[in-house]
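# Remarks on the overall topology
Residue-level listing of the chains:
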Amino acid sequence: YFNGSSKVVVTEHPMVVDNTRPANPDLFECVYVGGLDITNRNPIFFLEILKDHPVSNMATHFYSYGNCQGILAEFAKQIPSFTSHGPVSSDIAQSVLSSASLIVTIGNKNSDLVPSKLFDCISTGNPIVHFYYDEKDPYLDYLKNYPLSVCLPISSRDVAVRFNDFALSHRNQKLPFSLIREKFQIFTPEYVVDVFLKELEGEAR
């Protein structure tokens, strides 16, 4: 704990590293990686988009944990282009994010939470579609600095059309890591280590 005289140095998540890969023009794969929850992060709205407004030639893969596995299995029976793989190791999760044509993220109804998975997604340089419940979603501030992203309110009438348009027009595009590092420098391990070192050197004097 911190008392009134404690000095607190705040840093960002030091998770932005170079996980970019060359795009494969022969693949069109949309990927979701992370947790799902029936109450707080429910994927049904997105699965209904895939079912009722499929994106031409796009395959979608979920690598997820949580209490929505039954929902995912049911939609996998109805959507030929959708596959639910269940939970996977962090190495596999990072690999499928890096090789994806398009990454989907889903915000929490509890907007106080900032899932660290976002920084893994940013590190790939891949296009990101983020679905959110309200304007307090913390992802919005981060992704406004990421050129290959679009943030779509889940409740909007045209969300399916906007998702389709973005997926088709941005598939397999890539941001170079030099640009990612420039825009998200304070999230890199090198930057955070430098902050630590400067503070430690100051304390040692």
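The coordinates are above.
Residues numbered from 1 in each chain as written. Predicted model: local features only at pLDDT ≥ 70, side-chain atom pairs only at ≥ 80, totals over all residues. Heavy atoms only, no water.

The number of helices and strands found in the protein chain is 8 helices and 6 strands. Along the protein chain, helices and strands appear, N-terminal first, in the series β-α-β-α-β-α-β-α-β-α-β-α-α-α. Taking 2.2 N^0.38 as the reference for a compact globule, 205 residues should give roughly 17 Å; the C-alpha atoms of the protein chain span a radius of gyration of 19 Å, in line with that estimate. Over its C-alpha atoms, taken along the principal directions, the protein chain stretches across nearly 65 × 35 × 30 Å. Put simply, the protein chain has 205 residues, and 45% of those count as buried. Taking the intrachain contacts of the protein chain between residues at least 6 apart in sequence as the baseline, contacts between residues at least 24 apart amount to 73%. Averaging the positions of the 17 positive and the 23 negative side-chain charges in the protein chain gives two centres separated by 2 Å. (Helix = DSSP H or I, 4+ residues; strand = E, 2+ residues; numbered from the N terminus. Rg over C-alpha atoms; globule rule 2.2 N^0.38 Å. Buried < 20%, exposed > 50% of the residue type's maximum accessible area, 1.4 Å probe, protein only. Contact = heavy atoms within 4.5 Å. Lys, Arg positive; Asp, Glu negative; His and termini not counted. Charge placed at Lys NZ, Arg CZ, Asp CG, Glu CD.)

Here we take up a nonpolar patch on the surface. On the surface, V193, F196, L197 and L200 cluster together into a nonpolar patch covering about 380 Å² of accessible area. By the element assignment, F196 lies in helix 8 (residues 189-204). (Patch = residues over 30% accessible without salt bridge, like charges linked within 9 Å, V, L, I, M, F, W, Y side chains within 5 Å. Areas by Shrake-Rupley, 256 points an atom, 1.4 Å probe, with all protein chains shown as cover. Salt bridge = Lys/Arg side-chain N within 4 Å of Asp/Glu carboxyl O.)

With that settled, consider the packing of aromatic side chains. Under the definition given, this model contains 12 aromatic pairs. Considering the side-chain rings of Y146 and F184, the 6.4 Å spacing of their centres and the 55 degrees angle between planes classify their relative orientation as tilted. With Y146 in the loop between helix 5 (139-143) and strand 6 (149-153) and F184 in the loop between helix 7 (177-183) and helix 8, this pair connects stretches of sequence that are 38 residues apart. Across the pair, exposure class does not vary: Y146 and F184 are buried alike. One aromatic cluster is present, formed by Y32, F45, F46, F62, F82, F131 and F163 through successive ring pairs. Its end group placed over the ring of F28, R171 keeps NZ or CZ at 4.1 Å from the ring centre. (Phe/Tyr/Trp six-rings, centres within 6.5 Å; stacked < 30°, edge-to-face > 60°. Lys NZ or Arg CZ within 6 Å of the ring centre and 35° of its normal.)

What follows is about the side chain of N108. Along the polypeptide, N108 turns up in the loop between strand 4 (102-106) and helix 4 (117-122). Polar side-chain contacts of N108 include one of 3.4 Å to the side chain of N40. (Polar contact = N/O pair within 3.5 Å; in protein donor to acceptor, adjacent residues only side chain to side chain.)

Core analysis: the biggest nonpolar cluster contains 31 residues, and F46, M58, V104, V129, F131 and F163 have the highest contact counts within it. Elements with a minimum of two residues in this core: strand 1 (29-36), helix 1 (44-52), helix 2 (69-78), strand 4, strand 5 (128-132), strand 6 and helix 6 (159-170). The residues touching F46, leaving out its near neighbours within four places in the chain, are C30, T60, F62, V104, F131 and F163. (Core = buried A, V, L, I, M, F, W, Y, C linked by side-chain atoms within 4.5 Å.)

What follows deals with the sheet that holds strand 1. Spatially, 3-2-1-4-5-6 is the arrangement adopted by the 6 strands of the open sheet, whose pairing is parallel. The open sheet is flanked by strand 3 (82-84) and strand 6, the only strands paired with a single partner. Between one strand axis and the next, the sheet turns by 20 degrees as a mean value, whatever way the strands run. Against the sheet, helix 1 engages strand 1, strand 2 (59-66), strand 3, strand 4 and strand 5, with an angle of about 160 degrees to strand 2. (Pairing = 2+ DSSP bridges. Axes fitted to C-alpha atoms, helices over the stretch in contact; angles between N-to-C directions.)

The subject of this paragraph is the pairing of strand 5. Counting buried positions over the 5 residues of strand 5 gives 5, a clear majority of the element. Residues I128, H130 and Y132 line one face of strand 5 and the alternating positions V129 and F131 line the opposite face, and both faces are buried. Where strand 4 lies against strand 5, 4 bridges are found, and the strand directions are parallel. Following the sheet pairing, I106 is matched in strand 5 by F131.

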